[in-house]
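Okay, here's what each chain looks like letter by letter:
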Amino acid sequence: MVSEAGDRFAVAAVAYELLTGKRAAGSGEQVIERLDAVDVGDDGDHAALSETFVGALADDQASRPSTAAEFVIALARAVGVAVDDPPPGLDETDAHAAA
């Protein structure tokens, strides 16, 4: 069934594969462990990166970010990219929800 939550899962799966070079397959623990190899730089946070993907790749749709923007902001912050102001068209609520 096609849904917005499914689309957000797909965005997270593609982002995961871009970051790790691997598909988000295996046990949940294996999937999250692969994120340890991602270079988040001095300003990034591995715990936040793991938390971002735990939610975004959750089987339970209600556990996923409510918008793609919320996921992107959380991901950006986890890898050390400053997100001070939400991009045009992004509700201020989304930016704060990802903080």
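These numbers come from a predicted model, not from an experiment.

With that settled, the discussion passes to the overall build of the protein. In terms of helices and strands, the protein carries 5 helices and 0 strands. Start at the N end of the protein and walk to the C end: the helices and strands fall as α-α-α-α-α. By the burial criterion, 32% of the 99 residues in the protein qualify as buried. Pairs at least 24 apart in sequence give 48% of the contacts found in the protein among residues at least 6 apart. Counting only carbon and sulfur atoms, one obtains 52% of the accessible surface of the protein, whose full area is about 6100 Å².

This brings us to the confidence of the model for the protein. Predicted confidence across the protein gives a mean pLDDT of 86, with 84% of residues reaching 70 or more. Within the protein, the element-level pLDDT minimum falls on helix α5 (residues 92–97), averaging 51, and the maximum on helix α3 (residues 46–56), averaging 95.

Tracing the chain through its elements places Ser50 in helix α3. Taking C-alpha positions, Ser50 is 8.4 Å from Glu33, a pair spaced 17 residues apart along the chain. In this view, Ser50 contacts Ile32 and Leu35; residues no more than four positions away in its chain are not counted.

Its location among the elements puts Arg64 in the loop between α3 and α4 (68–78). There is no salt bridge for the buried Arg64, and the closest opposite charge comes from Asp59, which lies 5.6 Å off by N-O distance. Here Arg64 is in contact with Ala5, Gly6, Phe9, Gly55, Ala56, Ala58 and Asp59, once residues within four sequence places are set aside.

Turning next to the packing of helix α1 (residues 4–20) against α3. Where α1 meets α3, the closest approach of the two axes is 9 Å, and the angle between their N-to-C directions is 140°. Classified by the angle between their axes, α1 and α3 sit oblique to one another. You can see that α1 and α3 cross each other, and the crossing is left-handed. Listed contacts from α3 to Phe9, Ala12, Ala15, Tyr16 and Leu19 of α1 are Leu49, Phe53 and Ala56. Across the contact of α1 with α3, the residue classes break down as 8 nonpolar, no polar and no charged.

For the rest of this paragraph, the subject is α3. Every buried residue belonging to α3 is among Leu49, Ser50, Thr52, Phe53, Gly55 and Ala56, and all of these are buried. Residues of α3 that are buried make contact with α1, α2 (28–33) and α4. Capping the start of α3 is the job of one residue whose side-chain oxygen sits 3.0 Å from the backbone nitrogen of Ala47: Asp45.

Calculation notes
Residues numbered from 1 in each chain as written. Predicted model: local features only at pLDDT ≥ 70, side-chain atom pairs only at ≥ 80, totals over all residues. Heavy atoms only, no water. Helix = DSSP H or I, 4+ residues; strand = E, 2+ residues; numbered from the N terminus. Buried < 20%, exposed > 50% of the residue type's maximum accessible area, 1.4 Å probe, protein only. Contact = heavy atoms within 4.5 Å. Areas by Shrake-Rupley, 256 points an atom, 1.4 Å probe, with all protein chains shown as cover. pLDDT = per-residue confidence, 0-100. Lys, Arg positive; Asp, Glu negative; His and termini not counted. Salt bridge = Lys/Arg side-chain N within 4 Å of Asp/Glu carboxyl O. Axes fitted to C-alpha atoms, helices over the stretch in contact; angles between N-to-C directions. Parallel < 35°, antiparallel > 145°, perpendicular 65-115°, else oblique. Left-handed = near helix turned anticlockwise from the far one by under 90°. Nonpolar A, V, L, I, M, F, W, Y, C, P; charged D, E, K, R; others polar. Polar contact = N/O pair within 3.5 Å; in protein donor to acceptor, adjacent residues only side chain to side chain.

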